[in-house]
Amino acid sequence: MGVLIDVGNHFPENLIIEILSWLPARTLLQFKTVCKQWYSIIKSPHFISKQLRNYYDNNDNWRDCLIMQYCVTVAGELNVYEFLFDDTSKEILAYQEVLTPEYNTAICGPCDGIYFLWEFDYSGRGRGRSLWNPTLNEFKVLPRINLNPNLPSYMTMTCETYGFGYDSDINDYKVIIIQSYRNKNIRDFEMIDYPMSIYVYSLRNNSWRYVGDLKNSYYFKERNSYDFVNGCYYWLASSQSDGWHCEVVISFDVVTDVCEEFRLPKFEHMPSYGSQLVVYHDSIGFVLVPECGTMFDVWILKDGGAWTRKLTVEVGFRVWGAFCHWCDNMFLFRKAGGKLVMCD
């Protein structure tokens, strides 16, 4: 039985928001044209977050879908693929290429169904940044970043890393960019690194702001998973203060703008390059893949920076690299030949 709503009756806005938040995305696309009030509600970050959380909490079908990103040529071009996964047989039933709004972009997310897209540049610089909501088929190009006003004019940006998350205190989606610089008048082999600057974009304000500089210079490791949990985004990095050898975890709190560094513990096995940060049961975890090993360890970062080993799993094949933790107790790995393996 259908329900006829007379928008002229002026329902309380909180009631309208609650009703609309339980509707599917296709219906919301139609309802955006009902009136200006509904259009404003459906477009707001707070409503988008509420509607997607209702969907995820009451729909198990989203667990059957996995999105992966691959380098498809020796030049490093990036393609995004969507996999339909059978939870019973642990097999991929089908897959298809996902056509993102911009070609050759790195993808970060999803955060409440929204992705951050970073247009890939072979020099390591981001040429374009945008937000993408594939459910509502909406795409937003972000404004350019104004450089740190404290930097002299002869500085040039050399590379950047990124993160994306949700500020629950003010119902706002935020992008974090960390950029490194050097003196462009000095030859490369005499390169001098300058402090790495942090910029934060607010979707609500549609603007960037300079937050400050990191205390040290870091080399940020390329990541495979989305590492945002409990209001913080995490990166695995190497510290220049230890000769680029000691791996650390860098976190950024999107609510407080606080950046922290955590040392990895001393492991029994030497971690391989395939070791990876993951989100594990609402905590940030580190999947340790040893060199030439057929097992992996999962470590959890506790409050205060202490690490605890949660489990050790023998898989019976050589693990080349960890991708992510997904759906309860399943991990996705890459083995010899590039084959993807799901381990329960």
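Thresholds, definitions, all that
- Residues numbered from 1 in each chain as written.
- Predicted model: local features only at pLDDT ≥ 70, side-chain atom pairs only at ≥ 80, totals over all residues.
- Heavy atoms only, no water.
- Salt bridge = Lys/Arg side-chain N within 4 Å of Asp/Glu carboxyl O.
- Helix = DSSP H or I, 4+ residues; strand = E, 2+ residues; numbered from the N terminus.
- Buried < 20%, exposed > 50% of the residue type's maximum accessible area, 1.4 Å probe, protein only.
- Pairing = 2+ DSSP bridges.
- Axes fitted to C-alpha atoms, helices over the stretch in contact; angles between N-to-C directions.
- Core = buried A, V, L, I, M, F, W, Y, C linked by side-chain atoms within 4.5 Å.
- Contact = heavy atoms within 4.5 Å.

J.: Would you explain the pattern of salt bridges in this entry?
T.: This model, assessed by the stated rule, comprises five salt bridges. For the salt bridge of Arg263 with Glu261, the shortest nitrogen-to-oxygen distance reads 3.4 Å. Note that Arg309 and Asp297 form a salt bridge whose closest N and O atoms lie 3.5 Å from each other. Placement of the pair is Arg309 in strand 20 (residues 307–314) and Asp297 in strand 19 (residues 295–301), with a sequence separation of 12 residues. Overall, Asp297 belongs to the buried group, its relative accessible area being 3%.

J.: Before we go on, may I ask you to explain unusual backbone geometry in this structure?
T.: Glycine aside, residues mostly have negative phi, and peptide bonds are mostly found in the trans state. Each neighbour pair has its own omega, and for Gly109 with Pro110 the value is 5°, a cis peptide bond. Secondary-structure assignment places Pro110 in strand 4 (residues 105–111). Here the phi dihedral of Asp112 falls at roughly 55°; this positive angle occurs in a residue that is not glycine. Along the chain, Asp112 turns up in the loop between strand 4 and strand 5 (114–119). In this structure, Asp257 is a non-glycine residue whose phi angle is positive, near 65°. Tracing the sequence through the fold places Asp257 in the loop between strand 15 (247–253) and strand 16 (259–263).

J.: What is the right way to read the sheet that holds strand 6 (residues 129–133) from this model?
T.: Strands pair in a sheet through their backbones, by hydrogen bonds, and they do so in one of two ways: parallel or antiparallel. Strand order in the open sheet formed by four strands is 4-5-6-7, with antiparallel pairing between adjacent strands. Whereas interior strands pair on both sides, the edge strands pair on one side only; in this sheet they are strand 4 and strand 7 (138–141). Going from strand to strand, the sheet's axes swing by 20° on average, the running direction of each strand aside. Two elements, strand 4 and strand 5, share five bridges in a ladder whose sense is antiparallel. Each bridged residue has a counterpart across the sheet, and for Thr105 the counterpart in strand 5 is Glu119.

J.: Honestly, the nonpolar core in this entry has me stumped. Any pointers?
T.: Across soluble globular proteins, you tend to see nonpolar side chains buried next to one another. By size, the foremost hydrophobic cluster in this structure holds 39 residues, and its most contacted members are Phe116, Leu131, Phe164, Val175 and Phe220. Per element, the largest residue contribution to this core is six residues, and it comes from strand 9 (residues 172–183). With sequence-adjacent residues up to four places away left out, Val175 is seen in contact with Phe116, Leu131, Leu142, Gly163, Phe164, Tyr199, Val200, Tyr201 and Trp208.

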